[in-house]
Protein chains: 2
Amino acid sequence: MNYCSDCGGRLVNSIPAGDDRLRQVCPACGRVHYQNPKLVVGCIPLWKERASGEERILICKRAIEPRLGYWTLPAGYLENGETAAQGAARETLEETGAEVVDLAPYRMYDIVHVHQIYFIFRARLEAASFHPTKESAEVKLIAESQIPWDEIAFPVIQKTLEDYFRDRPTGRFPFAVGEITERLK
Amino acid sequence: MNYCSDCGGRLVNSIPAGDDRLRQVCPACGRVHYQNPKLVVGCIPLWKERASGEERILICKRAIEPRLGYWTLPAGYLENGETAAQGAARETLEETGAEVVDLAPYRMYDIVHVHQIYFIFRARLEAASFHPTKESAEVKLIAESQIPWDEIAFPVIQKTLEDYFRDRPTGRFPFAVGEITERLK
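Scope of this entry: the structure provided in the associated data block. (Residues numbered from 1 in each chain as written. Chains lettered and ligands numbered in written order. Predicted model: local features only at pLDDT ≥ 70, side-chain atom pairs only at ≥ 80, totals over all residues. Heavy atoms only, no water.)

Side note on the sheet that holds strand E3 (residues 32–33) of chain A
Residue and element names in this part refer to chain A.
Next, step 1: Strand order in the open sheet formed by three strands is E1-E2-E3, with antiparallel pairing between adjacent strands. Each end of this open sheet is capped by a strand with a single partner; those strands are strand E1 (12–14) and E3.
Next, step 2: Two elements, strand E2 (residues 23–25) and E3, share two bridges in a ladder whose sense is antiparallel. Counterpart to Val-25 in the pairing with E3 is Val-32. (Pairing = 2+ DSSP bridges. Helix = DSSP H or I, 4+ residues; strand = E, 2+ residues; numbered from the N terminus.)

Below you can see the structure in the form of structure tokens.
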């Protein structure tokens, strides 16, 4: 940030009265421009095969940077005007064409070095209906044995999948908070 | 927002290519200025009386607007450079002078109309050590029977306290997500 979004004045770095850290402040109008982490919301979309009763996970191959060509779970920035669960369902629809229901909170991951908090739900697909999108070159339902572990886009997605497959045999999915300190190679 | 924080140009409202909603866009440099909800992190600071073994909750009376003079739990905006739990502990220290440990995720509340997400932990006071601060005119440890229900600052704090006292007799505190649609009177 260089300019004040309110008055257009040049910003300076200073510690406002009563504060304890450097902020971007506008000397012209006095406005303090705080920077805060952003919430990324997403889900693990789950589908039970009608014939076998086996569970499948919907994953998508990124058609955009960063990490174009790598596999991920649907997730994106929470928007104003929606709840976290609504945002996760919207991102899933945008990235995979699939509709999810029964969103249950599963993991929150702090990723301090990129100023992001990931909040991931478990969710159920109402139908095995999905398709490639502008953001996803390929979308598919796969079994645990088919997860492309060497081609997962982000450490937070890898961790979430590992957590999920560790919990699944127990049939219990308690919510937990974790931290991602690993950086992309 | 009126001006571009990158180049100082006048912003206009338009739907960027590939997007589906109005954003504030800079025609001069092309930057899109997204607005996203902010995360507020806080906790329920708990203390066990040495003599009786009874539990007390640390609450604080707001010394600042909004809701000056009303009671609340320590909470505030998550900052860049910290995890949600670190932010909740920092806010508790800033607002009450108390140090909390063993933070356990308890509630997330979407407050869509103010573009906020509250994330509240349960936490343990290591000592019954606290004091008034710039933000809190009064800080005290109280029993459930002493909660000033008619003087709670925000609906999200009232809901969190109600949730907590409903769970406490069971000894189980499962994480849950809720939504606050009530506005301040």
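What to know about the sheet that holds strand E3 (residues 32–33) of chain B
Residues and elements named next belong to chain B.
Next, step 1: Taken in spatial order, the three strands of this open sheet run E1-E2-E3, and their pairing is antiparallel. Two strands close off the open sheet at either side, each with one partner strand: strand E1 (12–14) and E3.
Next, step 2: Sheet analysis places E1 next to strand E2 (residues 23–25), joined by three bridges and oriented antiparallel. Bridged to Ser-14 within E2 is Arg-23.

Points about helix H1 (residues 84–96) of chain B
Next, step 1: Between its first and last C-alpha, H1(B) extends 18 Å over 13 residues, near the 18 Å set by a 1.5 Å rise per residue.
Next, step 2: One or two residues past the end of H1(B) sits Gly97(B), with phi positive at roughly 75°. (Expected span 1.5 Å × (residues − 1).)

Thoughts on the packing of aromatic side chains
In this description, a pair of aromatic rings is defined by centroid distance and the angle of the planes.
Next, step 1: Scanning the model with the defined rule gives 17 aromatic pairs over all chains in all.
Next, step 2: Measuring from ring centre to ring centre gives 6.2 Å for Trp149(B) and Phe165(B), while their planes differ by 80°; the resulting arrangement is edge-to-face. Of this pair, Trp149(B) sits in the loop between strand E10 (136–142) and helix H2 (155–167) while Phe165(B) sits in helix H2, placing them 16 residues apart in sequence.
Next, step 3: Judged by relative accessible area, which is 8%, Phe165(B) ranks as buried.
Next, step 4: Grouping aromatic residues by their ring pairs yields a cluster made of Phe119(A), Phe121(A), Phe175(A), Phe119(B), Phe121(B) and Phe175(B).
Next, step 5: The ring of Tyr70(B) has Arg67(B) lying over it, and the distance from NZ or CZ to the ring centre is 4.0 Å.
Next, step 6: For Arg107(B), the ring lying beneath its charged end belongs to Tyr106(B), and the centroid distance is 4.2 Å. (Phe/Tyr/Trp six-rings, centres within 6.5 Å; stacked < 30°, edge-to-face > 60°. Buried < 20%, exposed > 50% of the residue type's maximum accessible area, 1.4 Å probe, protein only. Lys NZ or Arg CZ within 6 Å of the ring centre and 35° of its normal.)

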